Amino acid sequence: MDTIEIHRLVYVSKFNLGRVDSAPAALRNILSASRRNNAKNGVTGYLIFDGETFLQILEGAEATVSGTFARIESDRRHRHASVLEAKPSSARLFPTWSMAAYLRSPAHEAVFARHGLGGKIHQRTLSADRVVSLAVELSLSVHNSPIRL
Ligand SMILES: Cc1cc2nc3c(=O)[nH]c(=O)nc-3n(C[C@H](O)[C@H](O)[C@H](O)COP(=O)(O)O)c2cc1C
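Just so you know, the residues in each chain are numbered from 1, in the order the chain's sequence is written. The predicted origin of the model limits local features to residues at a pLDDT of at least 70 and limits the giving and counting of side-chain atom pairs to 80 or more, whereas totals for whole chains, interfaces and linings rest on all residues. Computation of side-chain values: all heavy atoms of the structure, hydrogens and water removed.

The environment of the ligand is formed by 16 residues, the closest being Ser 34, Arg 36, Asn 38, Arg 71 and Asp 75. Pairs of N or O atoms are called polar contacts if they sit within 3.5 Å, as long as, within protein, a hydrogen donor faces a hydrogen acceptor (for residues adjacent in sequence, only side-chain-to-side-chain pairs). Within the side chain of Gln 56, an N or O atom sits 3.1 Å from a nitrogen atom of the ligand. For the area figures, the Shrake-Rupley method with a 1.4 Å probe applies, and any residue is considered shielded solely by the protein chains shown. Contact with the protein chains covers 81% of the free accessible surface of the ligand, which is 620 Å². Of the two site types, the cavity is a set of points on a 1 Å grid over the protein atoms alone where a 1.4 Å probe fits but cannot get out, and the pocket is an open set with protein on both sides within 12 Å along at least five of seven lines, each lined by residues with an atom within 4 Å of a point. To be counted as sitting in a cavity or pocket, a molecule needs more than half of its atoms within 2 Å of that site's grid points. More than half of the atoms belonging to the ligand lie within 2 Å of the grid points that define the largest pocket. Secondary structure elements follow DSSP: runs of H or I no shorter than four residues count as helices, runs of E no shorter than two count as strands, and numbering proceeds from the N terminus. For the shell around the ligand, the secondary-structure elements that each account for two or more residues are helix 1 (23–41), strand 3 (53–60) and helix 2 (62–73). Among the elements that take part in the shell around the ligand, helix 1 stands out by supplying five residues, more than any other. Nonpolar residues are Ala, Val, Leu, Ile, Met, Phe, Trp, Tyr, Cys and Pro. Charged residues are Asp, Glu, Lys and Arg, and all others, Gly as well, are polar. Classifying every residue of the shell around the ligand by side-chain character gives six nonpolar, six polar and four charged. By convention in this text, a residue qualifies as near a molecule or strand provided that one of its non-hydrogen atoms is within 4 Å of it.

And the structure:
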């Protein structure tokens, strides 16, 4: 049980294609630092990556979430980070994940389509609600075995 008030931040960004890492390698590297730091800081969340666009949900104490996002925002592995939502929440959606990650696969296109995010992700069709509902479904159905490091 959390005794702190939970804050949730949802953002979208673009993978910096100029970097040398392949998409899966980039995701693995990001995830290992994320889990180490987030476990220490009481941050939980979910990261979706399709090789081009990152969608991430961060949850925890407000100051910690803000500090984590400030660090993430200046990371050169991505750009154009844009916050879709940042607000208090009654509870964590991903209490058991210091950070879960899902690399988009054609096998789960129907899940993306169900949440209005089929095909290429365009910023204008995105909303925090869509990202959150997609991540919740992925966490429950597709992905009881997230990337292991
Ligand atoms: C898309 C993306 C998501 C990230 N998510 C997190 C995160 O949830 N927590 C975190 O600490 N770092 C995250 N990072 C990494 C940070 O930008 C930064 O590299 C890291 O926090 C530095 O940690 P270190 O000094 O312990 O290596 C993310 C980076 C990217 C590009």
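Once that is clear, we can look at the nonpolar core. For the purposes of this section, nonpolar cores are sets of buried Ala, Val, Leu, Ile, Met, Phe, Trp, Tyr and Cys residues that join through side-chain atoms within 4.5 Å. Partly exposed describes any residue whose relative accessible area lies between the buried limit of under 20% and the exposed limit of over 50%, with all areas from a 1.4 Å probe on protein chains only and scaled to the type maximum. In terms of nonpolar packing, the biggest core is built from 21 residues, with Tyr 46, Ile 48 and Leu 138 touching the most fellow members. When contributions to this core are tallied by element, the ones reaching two or more residues are strand 1 (6–15), strand 2 (44–49), strand 3, strand 5 (100–103), helix 3 (109–114) and helix 4 (128–142). Take this core: its biggest share by element is six residues, from helix 4. Core analysis: the next-biggest nonpolar cluster, separate from the first, contains 18 residues, Leu 47, Phe 49, Phe 54 and Leu 58 among them.

For strand 3, the buried fraction is high: eight of the eight residues fall into the buried class. What you see with strand 3 is no split at all: Thr 53, Leu 55, Ile 57 and Glu 59 on one side and Phe 54, Gln 56, Leu 58 and Gly 60 on the other are buried throughout. Pairing between two strands requires that DSSP report at least two bridges joining them. For strand 1 and strand 3, the ladder comprises eight bridges, and the chain directions are antiparallel. Each bridged residue has a counterpart across the sheet, and for Tyr 11 the counterpart in strand 3 is Gln 56.

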